[in-house]
Amino acid sequence: MTRLSQEVHTASPAPGADPAARQSAEDASRLREAAERWRAEYAASVGAQPDAVNRSGIAIEPLYVPADAPPSFLDRIGYPGQPPYTRGIYATMHRGRSWSQRQLVGLGTPADYNARLRRLIEGGTTAVSLIPCNSVFRGFDMNEVPAELLGTCGTVVDTVEHLETCLDGLDLARTSVALNDPLPFTLLAFLIVAAERRGLDPACLAGTSNQSDYLSHCVANHMFFRLSLPGSRRVLLDEIAFCMGRMPRWNTLSVVGQHMQQAGATPAQAMAFTLSSAIQYARDCIARGMRPDEFLPRFTFFFDVSISFFEEIAKFRAGRRLWTRIARDTLGARDARAWRFKFHAQTSGVDLTRAQPLNNIARVAVQAMAGIFGGLQSLHTDAWDEALSTPGPAGARIAVATQNILREEARLTDVIDPLGGSWYVEQLTDRMEAEIERTLAIVEDAGGMYRAVEAGLVQRMIGESARRFQEHIESGEQVCVGVNAWREPDEGQTHLAQPRPDPARMRSHLESFRRWKAGRPAAAVSRALDDLTRAAHDDTANTFEQVVAAARSGCTHGEICARLRRELGTGQPLAMI
Amino acid sequence: MPHPDRLAAILAGERTALARAISMLENDARGAAALRAALRGRCGRAHVLGITGAPGAGKSTLIGALLGAFLGRGLKVAVAAVDPSSPVSGGALLGDRIRMGSHAGHENCFIRSLSARGQLGGLSASTGAVVDLLDAAGFDTVIVETVGAGQSEVDLARLADTRVVLCPPGLGDEVQALKAGILELADLLVVSKADHPLAGRTAAELRDMLALRRHGGAHPGAGTWQPRVLEVDAAAGTGLEALLEAIEEHRRAIGCGRRLQAREAEADTADTAALCARLAARDPFVTSLGGEFAGARPGAAEVALAIRAQHLNFNGTCHGGVIFALADTAFGLASNSRGRLAAGIDAHVTYHSAVHEGERLLARAREISRSRKLAVYRVDVERADGTLVAAFTGTVFITGAHPAGEGTSSRSAGGA
Amino acid sequence: MELRPRVLVTKIGLDGHDRGARVVAACLRDAGMEVVYTPPWQDIPAVVKLAIEEDIDVIGISSLATDHLIVPALIEALRAAGAGDVAVIVGGIVPDEEVPALIEAGVAQVFHPGAPLARIADFVRSAAARVRATRFPDAR
Ligand SMILES: Nc1nc2c(ncn2[C@@H]2O[C@H](COP(=O)(O)OP(=O)(O)O)[C@@H](O)[C@H]2O)c(=O)[nH]1
Ligand SMILES: [Mg+2]
């Protein structure tokens, strides 16, 4: 695999090109040089790989480029792994390394979670994720919420010991752990303490603080929104600063467009608001004295992929191109790793229907394809029964199989950015980029994302979009198969949901938590919480450092959250219609 | 008169009874007029605080902060929050409560959201009665949130003892616009969101305007009170103490009953009911027919009649003339309820269903339009179960003279 | 005489996703009803007090995670406070096999995703009319 694809190209010049324009000799050499660089990088990381050949015996190149590329080609589209990264952030993309599949949802008690995890470990997994129970998400301990709800949406993890039980048997130094862990990042603190107890240096921990983007939580009235806006702003910066020095492999921030698109933002708005949030966080870090080249490479992004196939592909391509410009020109990052727009995507649950629910398998497949062609780094496919209830194991299996089918049967990954060069896709990418920039400007005019969210501007814009979309569905303008079109008379099938956690086991988890709490050294706990209070009111202190210390002293998740709510204010939803 | 048990529950501040009574007043349901009458004489104990300002000025948030302070002092507090309704559907999204924070759950606190139901000036037609009800129910403080819109000066004066007008920090132009409207009636002018950079400037402009006005003339209904300007950041609580003090000072200076005094100057609902009852009692025809006066408010009246043998026609059903007479009586009272003599000049009736002996009819007259000289009324004659018996439309000529001795009926509409 | 329906649209429990609640609240408003709307995360005593003070006929609970599991407790609390006549409906993601238990507990109707707004509005209107008719038997 050494040939470049100039000989086999079928694509046409990029849109907007003036066909009459003559490439200067300089342009030609720039193009040659970019192609050489791509080829070298590709070969270096993929090595000698057998040619991909299709069923008709035709060899499939890893990349196709136009034969007569106009001068604008390199600036707007270029090669994968090269700015502006329109075609992907790595030279090899999925041909080199597939995306990570993150699927683990654990319900019930830590022991229940561990039982599932062990099966994954046996299968050789290198990436796990932990979704805690909604009681944890809201910032409470298990004894503070209605018992009926415990463990129905995730695992109940309130202490270091609970996390230790969850991850028992897992090699922490060798596994990437994705924690759904909104600020004040108690789960990360528990993980650090668990590592220390095993005699490990926390520097070896790799993974991501998912759900650290408090602005998105505030906008979507998400249950993750635990602390007031100013309090959240403070604690997030403390966590980034803490990890910067000590945990170089930890992705401190995942900027989330998903909640906003789920709440009704259009794909262009969701991308724009996410980029605006990233700009806000970066500026906050810079104001705190951190350098973009240091913190930006540890930012990741997380998006929804809807069924609007080409729109989503263009959204991701445009977002990647814009982020390169923002990171380099607006934020002043010099390191190319800071310009790379790494993102996880989840297929959108909003598109799934309850009517004719098996149709959802097809929907998820199309959404996943859009994400793959959009160049994602990590993918979660929803189970078809998500629209009916918490998905059962059979649904989860099909969701994983969908990814395997797309990659290994359909071979969607043979060619990097296979839709690049399509007149439609390239023009749509340009149009989406313009639309995203328009929204970026609105937010910028409002004083940046923090101010725009505080004033309710973003919420209002999303609310209007949600309303419009619903009207289109009600009017039939937006077809929804089985709902407003192609309805079938008999839809009375019942579906077997994920069983609720065993009440007896949950009760005993709760009891033992109560006993454990009563047996703690109370003085150490209250001292640690008071230290947290002091840190909250001392601008020179790092609150996250104190959260870790509190975890070390045996404070529970709920205690830490309650103390910070008291000192920094509770996250109040801005309800508006 | 409402059922004595129910009235007792309302006066005791029993939550469900109170809530139902408010709905009754809001919907002007049967019995509302009687309830209004029963409340009369039981009001005047509560201090009524009116909070007015443009949408988004920060009224609900401020009320949330005030609630915290009042409840903290052990007071019982009720809030009536009026939200504009959708002009298209008549529906409303009542969202003020959201901003009043966690105090809504306090046992000494009662919050009710009212829809303006298309009323200009942001006051629903029944707001005054609702405030009376909350007053009579034993709340120490009643807070009314309204969207001021220029038209409500008079209403607000009748509604609140202490009137707080809220101005968000803004530019001079907006303040000028305010001046033309509700600013004129403020006892206290509060610049909200005092944390905003423009707040200080807005406060200064308002003070200038107040100073100008002091030279200009008296402040209607203010007595010796000098309006003043305060700045409050309700979110952080800054300036709240000063506002509470000013409110208290105004209460001591002007007293709780000002809204009642302001109201007495006009023919209010209870007066109207009394006036109409007297008019009906002096009407020999109504008496001989057996009609019973059932309530009135400005522009509306109700008269009931039990159908007896003497009302029947040769066919054994109620005579059309009786139904017409019943409707015409309600029409006459409604058109004379505003204290101006009105004479009927045209009337028309459509009969919808036959009525039999033993049935009880209610004629409900309401004003459709009223100009200086002419007014049009619609009267529905209904059975006890609400089915429509007859629909009546009538027009009066307003003579301009006050009914001599309150109603020689010879030229008034009812006796025409 | 018109007794306009009074409806509460709210979320109890832990989840905060409120897109559906907002869309439904706006739709009921546009259908001519008076709708009290709250942010998510209301606790049950607060909802009961609100329903009484606001003279609510119908409570719509939006549940997208598993918060419908505490709706029976809400109905219990409404009854204990003498507001058992309020019609409670649930909208959102409720597994089929858990619907009968909700109905058993007194839920008037469960609306699943995709239910047309017009159908929800019709149901709420007639449920409200029934509640109003018993509360104000002689209103009209
Ligand atoms: N910063 C700040 N914001 C406020 C203050 N008072 C109200 N707001 C905000 O202004 C907006 C409108 O407030 P609201 O009380 O609903 O206004 P209303 O329409 O007049 O009742 C909300 O977003 C409030 O959070 C304040 O004192 N300071
Ligand atoms: Mg308000």
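Residues numbered from 1 in each chain as written. Chains lettered and ligands numbered in written order. Predicted model: local features only at pLDDT ≥ 70, side-chain atom pairs only at ≥ 80, totals over all residues. Heavy atoms only, no water.

Brief notes about the interface of chain C and chain A
Then, in step 1: At the interface, 36 residues of chain C touch 43 residues of chain A.
Then, in step 2: At the boundary of chain C with chain A, total buried surface from both sides reaches about 3,100 Å², with 60% on carbon and sulfur atoms.
Then, in step 3: Linking chain C with chain A are three salt bridges.
Then, in step 4: At the level of elements, helix 1 (19-30) and helix 5 (117-135) of chain C are the ones that each hand at least two residues to the side of chain C that touches chain A.
Then, in step 5: For the side of chain C that touches chain A, the element with the highest residue contribution is helix 1 of chain C, accounting for seven residues. (Contact = heavy atoms within 4.5 Å. Buried area = accessible area lost by both parts, 1.4 Å probe. Salt bridge = Lys/Arg side-chain N within 4 Å of Asp/Glu carboxyl O. Helix = DSSP H or I, 4+ residues; strand = E, 2+ residues; numbered from the N terminus.)

Topic: helix 10 (residues 240-254) of chain B
All names here are of chain B.
Then, in step 1: Taking 1.5 Å of rise per residue, 15 residues should cover 21 Å, and helix 10 covers 21 Å from first to last C-alpha, within 8% of that figure.
Then, in step 2: Within the sequence span of helix 10, burial applies to Leu240, Leu243, Leu244, Ala246, Ile247 and His250. Mapping the buried residues of helix 10 onto a view down its axis gives an arc of 160 degrees, with all of them on the same face. What points out from helix 10, more than 90 degrees from its buried face, is the exposed set Glu245, Arg252 and Ala253.
Then, in step 3: Backbone geometry just downstream of helix 10 places Gly255 in the positive-phi region, at approximately 90 degrees. (Expected span 1.5 Å × (residues − 1). Buried < 20%, exposed > 50% of the residue type's maximum accessible area, 1.4 Å probe, protein only. Arc of directions from axis to C-beta.)

Focus: the confidence of the model for chain B
Residues and elements named next belong to chain B.
Then, in step 1: When the pLDDT values of chain B are averaged, the result is 81; 81% of them are 70 or greater.
Then, in step 2: Mean pLDDT per element in chain B: helix 8 (residues 172-179) is the minimum at 58, and helix 14 (residues 320-336) is the maximum at 94.
Then, in step 3: Low confidence marks residues 149-154, where pLDDT is under 50. Its contacts with residues over four positions away, or in another chain, come to 11 contacts.
Then, in step 4: Low pLDDT, under 50, characterises residues 216-220; the predicted model gives this stretch nine contacts beyond four residues in sequence or across chains.
Then, in step 5: Scored as a whole, the predicted complex attains pTM 0.77, and scored at its interfaces, ipTM 0.93. (pLDDT = per-residue confidence, 0-100.)

Observations regarding the sheet that holds strand 7 (residues 250-251) of chain A
All names here are of chain A.
Then, in step 1: If you walk across this open sheet you meet the four strands as 4-5-6-7, and the pairing is parallel. The open sheet terminates on both sides in strands that have one partner only, identified here as strand 4 (127-130) and strand 7.
Then, in step 2: One ladder, built from four bridges, connects strand 4 with strand 5 (residues 176-180); its direction is parallel. Counted as the bridge partner of Ala127 is Ser176 from strand 5. (Pairing = 2+ DSSP bridges.)

Looking at the pattern of salt bridges
Then, in step 1: Scanning the model with the defined rule gives 74 salt bridges over all chains in all.
Then, in step 2: Between Glu26 of chain B and Arg6 of chain C there is a salt bridge; the shortest N-O distance is 3.5 Å. Here Arg6 of chain C lies in strand 1 (residues 6-10) and Glu26 of chain B lies in helix 2 (residues 15-26), a pairing that spans two chains.
Then, in step 3: Salt-bridge contacts for Arg4 of chain C lead to Glu34 of chain C; the nearest nitrogen and oxygen are separated by 3.5 Å. Of this pair, Arg4 of chain C sits in the segment before strand 1 while Glu34 of chain C is found in strand 2 (residues 34-37), placing the two residues 30 residues apart along the sequence. Pair check on accessibility: Arg4 of chain C and Glu34 of chain C agree, each one buried.

Points about the domain arrangement of chain A
Residues and elements named next belong to chain A.
Then, in step 1: One can read the domain layout of chain A as domain 1 (2-87) and domain 2 (173-474).
Then, in step 2: Put simply, the middle of domain 1 and the middle of domain 2, counted by C-alpha atoms, are 29 Å apart.
Then, in step 3: Listed by partner, the interface residues are 21 residues for domain 1 and 21 residues for domain 2.
Then, in step 4: At the boundary of domain 1 with domain 2, total buried surface from both sides reaches about 1,800 Å², with 55% on carbon and sulfur atoms.
Then, in step 5: At the junction of domain 1 and domain 2, the tally comes to three salt bridges.
Then, in step 6: Across the pair Arg76 and Glu433 runs a salt bridge whose closest N-O atoms are separated by 2.9 Å.
Then, in step 7: Run the count over domain 1 and domain 2 and you get eight residue pairs in polar contact (both at pLDDT 80 or more). (Domains from an automatic or database assignment. Polar contact = N/O pair within 3.5 Å; in protein donor to acceptor, adjacent residues only side chain to side chain.)

A short note on the site of ligand 1
All names here are of chain B.
Then, in step 1: Neighbouring ligand 1 are 15 residues; Gly56, Thr61, Arg99, Asp195 and Ala234 lie closest to it.
Then, in step 2: Here an oxygen atom of ligand 1 and a side-chain polar atom of Thr61 are 2.5 Å apart.
Then, in step 3: One nitrogen or oxygen atom from the main chain of Ala235 is found 3.4 Å from an oxygen atom belonging to ligand 1.
Then, in step 4: Summarising the interface, the protein chains cover 76% of the accessible area of ligand 1, which totals 580 Å² for the free molecule.
Then, in step 5: In terms of residues, the shell around ligand 1 owes the most to one element, helix 4 (residues 59-72), which gives three residues. (Near = heavy atom within 4 Å. Areas by Shrake-Rupley, 256 points an atom, 1.4 Å probe, with all protein chains shown as cover.)

Points about the confidence of the model for chain A
A low pLDDT means the predicted coordinates there should not be read in detail.
Then, in step 1: Across chain A, pLDDT averages 88, with 92% of residues at or above 70.
Then, in step 2: Segment residues 1-13 of chain A is flagged for pLDDT under 50; beyond a separation of four residues in sequence, or across chains, it makes 26 contacts in the model.

Concerning the side chain of Ser23 of chain B
Then, in step 1: Examined against the element boundaries, Ser23 of chain B turns out to sit in helix 2.
Then, in step 2: Residue Ser23 of chain B is classed as buried on the basis of its relative accessible area of 0%.
Then, in step 3: Within the local environment of Ser23 of chain B, its side chain forms a polar contact with the side chain of Asp55 of chain C, the two groups lying 2.3 Å apart.
Then, in step 4: Ignoring any residue separated from it by four or fewer positions in sequence, one finds Ser23 of chain B in contact with Arg112 of chain B together with Asp55, Arg132 and Phe136 of chain C.

Topic: a nonpolar patch on the surface
Then, in step 1: Residues Val479, Val481 and Trp486 of chain A make up a contiguous nonpolar surface patch of about 330 Å² in total accessible area.
Then, in step 2: The class for Val481 of chain A is partly exposed, based on a relative accessible area of 32%. (Patch = residues over 30% accessible without salt bridge, like charges linked within 9 Å, V, L, I, M, F, W, Y side chains within 5 Å.)

Quick notes on unusual backbone geometry
Residues and elements named next belong to chain A.
Then, in step 1: A cis geometry characterises the amide bond from Pro83 onward to Pro84, with omega recorded as 5 degrees.
Then, in step 2: Here Pro84 lies in the loop between helix 2 (72-76) and helix 3 (93-96).
Then, in step 3: For the peptide bond that leads from Leu183 to Pro184, omega is 10 degrees, which places it in the cis range.
Then, in step 4: Looking at where Pro184 falls in the secondary structure, it is placed in the loop between strand 5 and helix 7 (186-197).

Considerations on the environment of Ala363 of chain B
Residues and elements named next belong to chain B.
Then, in step 1: Structurally, the position occupied by Ala363 is in strand 12 (residues 360-370).
Then, in step 2: Given the relative accessible area of 0%, Ala363 is considered buried.
Then, in step 3: Through-space distance from the C-alpha of Ala363 to that of Ala390 is 9.0 Å; in sequence the pair is 27 residues apart.
Then, in step 4: Dropping the residues within four chain positions of it, Ala363 is found in contact with Ala301, Glu302, Val303, Leu326, Ala327, Ala330, Val379, Asp380 and Val381.

Here we look at the packing of helix 2 of chain B against helix 3 (residues 32-39) of chain B
All names here are of chain B.
Then, in step 1: Contact geometry of helix 2 with helix 3 gives a least axis separation of 9 Å together with a crossing angle of 115 degrees. As helix 2 runs across helix 3, the sense of the crossing is left-handed. Taking contact as the criterion, the partners of Ala21, Met24 and Leu25 in helix 2 are, on helix 3, Ala32, Leu35 and Arg36.
Then, in step 2: The residue makeup of the contact of helix 2 with helix 3, split by class, is five nonpolar, no polar and one charged. (Axes fitted to C-alpha atoms, helices over the stretch in contact; angles between N-to-C directions. Left-handed = near helix turned anticlockwise from the far one by under 90°. Nonpolar A, V, L, I, M, F, W, Y, C, P; charged D, E, K, R; others polar.)

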